[in-house]
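Here is what each chain is made of, one letter per residue.
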Amino acid sequence: MNNPIPPRAKKIPHTLDIHNHVRIDDYFWLNDRENPEVIDYLNQENAYYKAMTAHTESFQKELFAEMKSRIKEDDSSVPYFYNGYYYITRFEAGKDYPIYARKKGSLEAVEELLFDCNEMAKGHSYFQMSGLSVSEDNQWISFGVDTVSRRQYVIQIKNLLTGEILPYKIENTTAGGTWSADGKYLFYCRKDAKTLRADTIYRHERGTDPSHDVKVYYEKDDTFDVSVYKSKSKKYIMITSESTLTSEYQYVLASEPTAPFTIFQKRTRELEYSVSHYGNHFYIVTNKDGATNFKLMKTDEGKTEKEYWVDVLPHREEVLLEGIDIFKDFLVVSERSEGLNKIRIMRWDGSVDYYLPFTSETYMAYTTTNLDFDTTILRYAYQSLTTPASVIDFDIITQERNILKEQEVLGGKFDKNNYIEERIWATARDGVQVPISLVYHKNCKKDGTNPLLQYAYGSYGVNIESYFSTTRLSLLDRGFIYAIAHIRGGEDLGRKWYEDGKMLKKMNTFTDFIDCSRFLIEEKYTSPAHLYAEGGSAGGLLMGAVINMNPELYHGVIAQVPFVDVVTTMLDDTIPLTTGEYDEWGNPNEKEYYDYMLAYSPYDNVKAQNYPHLYISTGLHDSQVQYWEPAKWVAKLRDLKTDTNYLFLDTNMDAGHGGASGRFEALKEVAKEFAFLFDLEKIKS
């Protein structure tokens, strides 16, 4: 049977000229969601992908059923206690969306239904609820809903005593709201309608028309985003303004919500800080005084400028301070050293200071929902590549652990002893040691024949943790090795690890990934005929860069919502999120950054060469990486590549950056990716 002919996007040359350098973009015209020809092209690509993978559809269904069968469908979260109520999130069998509920005073109390998202999602192809916030009198709850998948949430308010949802809507928000102490006012954040930058804080008086809401603060600098929250002590409402490298906070008493906000510490370029409140002091996690890996300082409530800050925990070259949790009698410090999470517990009076013991080579541990201020119980989560996620209550006094819940893996086949996890170190070309976390079935042999999926992200200082995945078992049980490359651009080995993988050092991110691939091949975990790579968003940029640089190393690559048209996007400040990215990638309006970006931008560097098999996914309504980036990339690859390997563009015409919204619909997307990989294993390179 003859394969269908792949679509060919027409060429309409478009000239882009800056710094006395001209680029011709033949597919610039795809940047128009309203153009019927654009939609037609995306539909043609979808039809081609569907036709070319029709032979895998039954296997996709098998994978979907298998992955779904491991999930406890009638699952519920561990309840957390806040302000007199236990709050619970649960799922019912066969349903895609969560149900939110609470119980007053005791888990034996009658359940109060807050929201059934399954009912609310009816009639919508996409549904996401976020930002739930309960007033201190427990009567009112604000919530945000997105039915488009562009992260533009509509806030509404519900009366928890009567069940009535107030009849007005607050449009184009970030979802979250913060109540004044008396529950009369709700502070929230609106977005710029075009760029989607969170730029304005409003104060809404409950029961009034939102058109009368008071603008509390507008952030003029388009490289900054704003947000609003209440301190854990409930005493202050805080406004944050943050860019990649700089922070500024403002505060007002929650009991005086109409008073003007006071600036905590005026923004200073490259001074980062975050603020918590306890007693008569503010506690500040900051990089002040050259504290690259951050330190903890404190200051009196009335003296918040940086000259009054004093050290509590000094800076340490080898330890990254990631955050703190404040309790009445204890301070809990989240740290990272040698790429692994550490949780340190300290009593305010200095009588207690110890770390929680973790022994695994590859794991993730982090504090979770700790809203209660006056308690000796710390709630944290733990998991590893072979250990399902657990939620644990830890008694700080007795040091006893109470495992409240361990993720159930249904089906009766999972045994963690069947899998091996390890951490190895690859040597990058500049001599730097890069950690790789691996998990595989114990029957795997290091003979170069194993299929291996190498994953990484490598941007924004985001760490890809060694997390457990039930869906991943479908790979491991069929002989795949799964590898996470902790490359520069993340913050796995401290702040310098991030700094060495951004701006004019971004190339390290790509070469680290390639050098990890070569190391895995040299050590005979796999071979080029069986090595696959995967990354999404900025990790999709990574995928695009490495296949331009060393396509011969990979048999197949999955790029999810990939950021690949770097130069053009970063020159267009009307595109959502662009201006806030200058401190990550550089500003190409400056020639030095333009030239550097141009050297790695995946779209600009597509050339006439063989490429691996490619599966590229996107969402028509993506607000972070616009659909036209992968669409243009695929069109250019089709025109220039010299091989006959698969090239698929799969566009979700209903969703955005996060893909499908339902928990089971999302599994179908994973099944597509896995089926692509297994299908390639049947093809000789």
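Our subject is the structure listed above.
Before going into details, it helps to say that this report is about the structure given with it.

So, how was this worked out
- Residues numbered from 1 in each chain as written.
- Predicted model: local features only at pLDDT ≥ 70, side-chain atom pairs only at ≥ 80, totals over all residues.
- Heavy atoms only, no water.
- Helix = DSSP H or I, 4+ residues; strand = E, 2+ residues; numbered from the N terminus.
- Rg over C-alpha atoms; globule rule 2.2 N^0.38 Å.
- Buried < 20%, exposed > 50% of the residue type's maximum accessible area, 1.4 Å probe, protein only.
- Contact = heavy atoms within 4.5 Å.
- Areas by Shrake-Rupley, 256 points an atom, 1.4 Å probe, with all protein chains shown as cover.
- Salt bridge = Lys/Arg side-chain N within 4 Å of Asp/Glu carboxyl O.
- Pairing = 2+ DSSP bridges.
- Axes fitted to C-alpha atoms, helices over the stretch in contact; angles between N-to-C directions.
- Phe/Tyr/Trp six-rings, centres within 6.5 Å; stacked < 30°, edge-to-face > 60°.
- Lys NZ or Arg CZ within 6 Å of the ring centre and 35° of its normal.

## Quick notes on the overall build of the chain
Item 1. On a plain count of helices and strands, the chain comes out with 12 helices and 37 strands.
Item 2. The C-alpha radius of gyration computed for the chain amounts to 25 Å, which stays within 12% of the reference 26 Å derived for 685 residues, consistent with globular compactness.
Item 3. Taking the principal axes of the C-alpha coordinates as reference, the chain spans close to 70 × 55 × 50 Å.
Item 4. Looking at the 685 residues of the chain, the share that counts as buried comes to 57%.
Item 5. Sequence separation of at least 24 residues holds for 56% of the intrachain contacts in the chain that already meet a minimum separation of 6.
Item 6. Surface exposure of the chain reaches about 28100 Å², of which carbon and sulfur atoms provide 48%.

## Some details on the pattern of salt bridges
Item 1. Counting across every chain of the model gives 46 salt bridges.
Item 2. Taking the shortest distance from any N to any O, the salt bridge between Lys 122 and Glu 119 comes out at 3.1 Å.
Item 3. Residue class for Lys 122 comes out exposed when judged on its relative accessible area of 56%.
Item 4. For the salt bridge of Glu 322 with Arg 336, the shortest nitrogen-to-oxygen distance reads 2.9 Å. You can see Glu 322 sitting in strand β22 (residues 320-326) and its partner Arg 336 sitting in strand β23 (residues 330-337), a full 14 residues away along the chain.
Item 5. Since its relative accessible area comes to 34%, Glu 322 is described here as partly exposed.
Item 6. Ionic contacts of the salt-bridge type, sharing partners, join the residues Glu 62, Glu 66, Arg 70 and Arg 478 into one network.

## A word on the pairing of strand β8 (residues 140-146)
Item 1. Among the 7 residues that make up β8, 7 are buried, leaving the element largely enclosed by the rest of the structure.
Item 2. The two faces of β8 match: Trp 140, Ser 142, Gly 144 and Asp 146 on one face and Ile 141, Phe 143 and Val 145 on the other face are all buried.
Item 3. Of the pairings in the sheet, the one linking strand β7 (residues 128-134) to β8 comprises 5 bridges and is antiparallel in character. Across the sheet, the residue bridging to Gln 128 is Asp 146, located in β8.
Item 4. Counted between consecutive antiparallel strands, the loop separating β7 from β8 contains 5 residues, among which Asn 138 sits at a positive phi close to 65°.
Item 5. Sheet topology note: the β8/strand β9 (residues 153-159) ladder contains 6 bridges and is antiparallel.

## Quick notes on the sheet that holds strand β6 (residues 111-116)
Item 1. If you trace the 4 strands from one edge of the open sheet to the other, you get β3-β4-β5-β6, paired in antiparallel fashion. In this open sheet, the two edge strands, each paired with only one partner strand, are β3 (80-82) and β6. Across the sheet, the mean angle separating the axes of adjacent strands is 30° when strand polarity is ignored.

## Some remarks on the packing of aromatic side chains
Item 1. Scanning the entire structure with this criterion turns up 42 aromatic pairs.
Item 2. Between Tyr 283 and Trp 348 the ring centres are 5.0 Å apart and the planes differ by 50°, which places this aromatic pair in the tilted class. With Tyr 283 in strand β19 (residues 281-286) and Trp 348 in the loop between β24 (340-347) and β25 (353-355), this pair connects stretches of sequence that are 65 residues apart.
Item 3. Its relative accessible area of 26% is what places Trp 348 among the partly exposed residues.
Item 4. Of note, Arg 203 hangs over the ring of Tyr 185, and the distance from its end group to the ring centre comes to 5.5 Å.
Item 5. One cation-aromatic arrangement involves Arg 488 over Trp 497; the distance from NZ or CZ to the ring centre is 5.8 Å.

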